[in-house]
Amino acid sequence: MGLLDAILGRSKPVRPDLDQLFAIPSAALTLQAATGFTPTGRGSVCFAGVEGGGFARLQEDVRELLDADTERGGIPVEFSRDAYGYTWLLATHPADDTAGLVNDLHAVNTMLQDGGFGPHLLCSLIGFRNAEGRSLALVYLYKRGTFYPFAPLPGDAEKRDNQRELQVRGALGDDLRVEKDLSRWFPVWGAPGL
């Protein structure tokens, strides 16, 4: 950061720390004990779609890597596009294999970053449910290097359970680097893996 940046109040963006994803399995245990939410075995990575042969090859490399175990009963990854034009990759594992799911999500993020597409990564999320069937996601913001909880209320209306999100923030404050700026807790309505 230079003198001009300091005078104008600019700061360097936080560098993503993808290894933060490896804290999810232990955070999942804390989350289960504190709130009753358990992993669903579903997680996804969201990125801005890029046109071109290089990106298409990288997408196929990701698919090949993550689908390598489909002959042994693994579930193939799914790619989809949302209404905003973002691409989602959905990975599915048995609910008790949070570590395997996190490894896959980390591999996707790393491949995209190393392939020069890091600026296009938006977030990764890991899905959870409680005994009543309520959904919760732990969302990793790639550009901030932080997590936040997203808890949609059941039903068709796009409403959030803010009290639940704050409860989860309090429970996981020692396990994850939680985003302090609540205005960055973006809703991820209809995200694959939720």
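As a reminder, the structure under discussion sits directly above these lines.
Keep in mind that what you see is a predicted model, and the values were worked out from it rather than measured.

Cut-offs used in this document
Residues numbered from 1 in each chain as written. Predicted model: local features only at pLDDT ≥ 70, side-chain atom pairs only at ≥ 80, totals over all residues. Heavy atoms only, no water. Helix = DSSP H or I, 4+ residues; strand = E, 2+ residues; numbered from the N terminus. Polar contact = N/O pair within 3.5 Å; in protein donor to acceptor, adjacent residues only side chain to side chain. Contact = heavy atoms within 4.5 Å. Buried < 20%, exposed > 50% of the residue type's maximum accessible area, 1.4 Å probe, protein only. Arc of directions from axis to C-beta. 1 Å grid on protein atoms, 1.4 Å probe; cavity = no way out; pocket = protein on both sides within 12 Å on 5 of 7 lines; lining within 4 Å. Points joined across faces, edges and corners; volume = space filled by probe spheres on them. Nonpolar A, V, L, I, M, F, W, Y, C, P; charged D, E, K, R; others polar. Pairing = 2+ DSSP bridges. Axes fitted to C-alpha atoms, helices over the stretch in contact; angles between N-to-C directions. Disulfide = S-S within 2.5 Å. Phe/Tyr/Trp six-rings, centres within 6.5 Å; stacked < 30°, edge-to-face > 60°.

Undergrad: Please clarify how the side chain of Arg 160 should be interpreted in this entry.
TA: As for its placement among the helices and strands, Arg 160 is situated in the loop between strand E6 (146–150) and helix H5 (162–172). Side chain to side chain, Arg 160 and Glu 165 meet in a polar contact 3.0 Å long. The contacts of Arg 160, once residues within four sequence positions are left out, are Tyr 148, Pro 149, Phe 150, Ala 151, Pro 152, Leu 153, Glu 165, Trp 185, Phe 186, Pro 187 and Trp 189.

Undergrad: How should I be thinking about H5 in this particular structure?
TA: At 3.6 residues per turn, the α-helix brings residues three or four places apart onto the same side. For H5, the full list of buried residues reads Arg 164, Glu 165, Val 168 and Leu 172. In a view along the axis of H5, the buried residues occupy a sector of 100°, so they form one face of it. More than 90 degrees from the buried face of H5, the exposed residues found are Gln 163 and Gly 170. Lining the buried residues of H5 we find helix H2 (24–35), strand E5 (135–141) and E6.

Undergrad: How do you make sense of the layout of surface pockets when you look at a structure like this?
TA: Each pocket or cavity is described by its volume, and for the largest pocket that value is around 570 Å³. The wall of the largest pocket is formed by 23 residues, among which Cys 46, Tyr 86, Trp 88, Pro 187 and Val 188 lie closest to the centre. Broken down by secondary-structure element, the contributors of at least two residues to the lining of the largest pocket are strand E2 (78–81), strand E3 (86–92) and strand E4 (121–129). Here the lining of the largest pocket is built from residues that sort into 15 nonpolar, 2 polar and 6 charged.

Undergrad: What am I meant to see in the sheet that holds E5 here?
TA: Pairing between the strands of a sheet is mediated by backbone hydrogen bonds and can be parallel or antiparallel. The strand order across the open sheet built from 6 strands is E2-E3-E1-E4-E5-E6, with neighbouring strands paired in antiparallel fashion. Each edge of the open sheet carries a strand with a single partner, namely E2 and E6. Here the average twist between neighbouring strands, direction ignored, is 25°. The sheet contact formed by E4 and E5 spans 7 bridges and is antiparallel. Counterpart to Ser 124 in the pairing with E5 is Tyr 140. Helix H4 (residues 98–117) contacts strand E1 (38–48), E3 and E4 of the sheet and is inclined by roughly 10° relative to E1.

Undergrad: I'm lost on empty space enclosed by the protein in this one. Help?
TA: Over the atoms, a rolled probe matching the size of one water molecule traces out where space is still vacant. Going through the model one piece at a time under the given rule, you end up with 1 cavity of 30 Å³ or more. Leu 138, Phe 147, Tyr 148, Pro 149, Val 168, Arg 169, Leu 172, Leu 176 and Val 178 are the residues that line the largest cavity. Within the lining of the largest cavity, the residues separate by chemical class into 8 nonpolar, no polar and 1 charged.

Undergrad: Whenever I open this one, the state of the cysteines confuses me. Can you help?
TA: Disulfide: a covalent bond connecting the sulfur atoms of a pair of cysteines. Tallied over the full model, the rule gives 0 disulfides. Free cysteine Cys 46: the closest other cysteine sulfur is in Cys 123, separated by 4.8 Å.

Undergrad: Before we go on, may I ask you to explain the side chain of Thr 146 in this structure?
TA: Here Thr 146 is to be found in strand E6. Judged by relative accessible area, Thr 146 falls into the buried class, the value being 7%. Of note is the side chain of Thr 146, whose polar atom sits 2.6 Å from the side chain of Glu 179. Here Thr 146 is in contact with Val 139, Tyr 140, Leu 141, Arg 177, Val 178 and Glu 179, once residues within four sequence places are set aside.

Undergrad: Would you explain the packing of aromatic side chains in this entry?
TA: Centre-to-centre distance and the angle between the planes together describe a pair of aromatic rings. Applying the stated criterion across every chain yields a total of 3 aromatic pairs. For the ring pair Tyr 148 and Trp 185, a centre distance of 6.1 Å and an interplane angle of 15° mean the geometry is stacked. Of this pair, Tyr 148 sits in strand E6 while Trp 185 sits in the segment after H5, and the two are 37 residues apart along the sequence. Ring geometry for Phe 150 and Trp 189: centres 5.1 Å apart, planes at 75°, overall edge-to-face. Residue Phe 150 is found in strand E6, and its partner Trp 189 is found in the segment after H5; the two are separated by 39 residues along the sequence.

Note that all results are geometric; they support no functional claim without further evidence.
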